[in-house]
Amino acid sequence: MSDLHEKRHPDMEIVEADEVVAKVSKESLKALLYLTAGKPDSYIKLFHGPICIQPNDIIELNDLIQQKLGNHDVQAAITTVNINYSKDEIEQFGIWAEFVEHQWNTHKETETLTIKWDFLVKLPLYKLPQRHTVVLKIASKLTPLHFMQAMFSQDPDELENLESEMAPVVCRIDFINHILSDELMRIIEQWHKARIKPLYDPSYEKYIEKHKNTIARVIHYSIPFFVTAVAAGVLNKYVSDAYLDTSSITIGIMKEFMFWLLGSGIAIAFMNLVGRWIATQVFDAIGSYGVHAVLVFTNGDKNKQRKLEQKNKVTIRKITWNVAKAVALDVISFLVTYLLFR
């Protein structure tokens, strides 16, 4: 009898384990999985709007998040900040007070700022505090090094995360309670909308960037087109003045026509090169317009910001001047053609 009991005992344990799992709620299972495997649910949002971030902006955001966490039963919390400077220099602030008290009078240029809020919050459905993490990354730009690391990385998530790197501001929240994560993301979204924008006009930059191929093509092909019209006008004027409608074609007329054809071909080919050169100048200038300092923390960042603002002004003048040259050539060609066909 005892042997039979021992043989049936493992099956009884399995049934009991299944019953336990069936009775556990989905949220509790998710929390258990997080504790054992370290993979909670994640909420990632990209913010593409152009902004300028200063230390006071980060302090303001931390105050907003701390106010929200103050409405919950937070058992433990820590805020850390990592800063990547140019030339592969990294500065880490293990506690928030170090960041607040830091002096930014340095020549270094800030490339990336990462803030991490890590906290344990007691939720009504759980006996143990649950870990939540908010990570906010602000980057000036995606560098070629970032792309190469993602392309040759053995981790498939690296390439998947490359799109996130393209946004100047990326927020990721690892959570158990989705209501709290939604509230935190709304805070960050509203904070992002309220930031100071760069001096240049983002809507203008977005428009010309979207249509830069069309703008360049119109400039490129309009110049040889109008020159071709001028060549046609020259032929029309010369034929009308020199020959009657009843004139027969002679060797002399053929020679003159060939000279016109050769001269017109050279002029059109040359003006096609001019149009391509002007179009390339405009295309490159549009591509470089709108670059700005996202992170303005150090004296080096402020110097960089002034240089970029001056560069944007020079770029606008370059775009305007080259477009004006193209328009002037087109207008002159049009007027000459009009006079020739009168």
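Please refer to the structure higher up on the page.
Below is a summary of the structure that appears in this document. The model shown is predicted, which means the values in this text are computed figures rather than measured ones. (Residues numbered from 1 in each chain as written. Predicted model: local features only at pLDDT ≥ 70, side-chain atom pairs only at ≥ 80, totals over all residues. Heavy atoms only, no water.)

The next thing to look at is the overall build of the chain. Looking only at helices and strands, the chain has twelve helices and six strands in total. By residue count, 32% of the 342 residues in the chain fall in the buried class. A fraction of 76% describes how many contacts in the chain between residues 6 or more apart in sequence connect residues 24 or more apart. Taken as a whole, the chain presents about 21600 Å² of accessible surface, with 61% of it coming from carbon and sulfur. (Helix = DSSP H or I, 4+ residues; strand = E, 2+ residues; numbered from the N terminus. Buried < 20%, exposed > 50% of the residue type's maximum accessible area, 1.4 Å probe, protein only. Contact = heavy atoms within 4.5 Å. Areas by Shrake-Rupley, 256 points an atom, 1.4 Å probe, with all protein chains shown as cover.)

Our next topic: the pairing of strand β6 (residues 169-175). Among the seven residues that make up β6, six are buried, leaving the element largely enclosed by the rest of the structure. Pairing analysis gives six bridges linking strand β5 (residues 130-139) to β6, with the strands arranged antiparallel. Each bridged residue has a counterpart across the sheet, and for Val134 the counterpart in β6 is Ile173. (Pairing = 2+ DSSP bridges.)

Take the packing of helix α3 (residues 55-69) against helix α8 (residues 178-193) next. Where α3 meets α8, the axes come as close as 10 Å, and the angle between the chain directions of the two elements is 155°. Considering the angle they form, α3 stands roughly antiparallel to α8. Handedness of the α3/α8 crossing: right-handed. Where α3 abuts α8, its residues Asp57, Ile58, Glu60, Leu61, Leu64, Ile65, Lys68 and Leu69 lie against Glu183, Leu184, Ile187, Ile188 and Trp191. Of the residues contributing to the contact of α3 with α8, the split by class is nine nonpolar, no polar and four charged. (Axes fitted to C-alpha atoms, helices over the stretch in contact; angles between N-to-C directions. Parallel < 35°, antiparallel > 145°, perpendicular 65-115°, else oblique. Left-handed = near helix turned anticlockwise from the far one by under 90°. Nonpolar A, V, L, I, M, F, W, Y, C, P; charged D, E, K, R; others polar.)

Attention now goes to the nonpolar core. The biggest cluster of nonpolar side chains holds 38 residues, and the ones touching the most others in it are Ile58, Phe99, Leu113, Leu136 and Ile138. Those elements that provide at least two residues to this core are α3, β2 (73-85), α4 (96-100), β4 (110-122), β5, β6 and α8. When residues in this core are grouped by element, the largest group, six residues, is from α8. Among all residues touching Leu136, those that are not within four sequence positions of it are Leu61, Leu113, Thr114, Ile115, Trp117, Val169, Val170, Cys171, Ile188 and Trp191. (Core = buried A, V, L, I, M, F, W, Y, C linked by side-chain atoms within 4.5 Å.)

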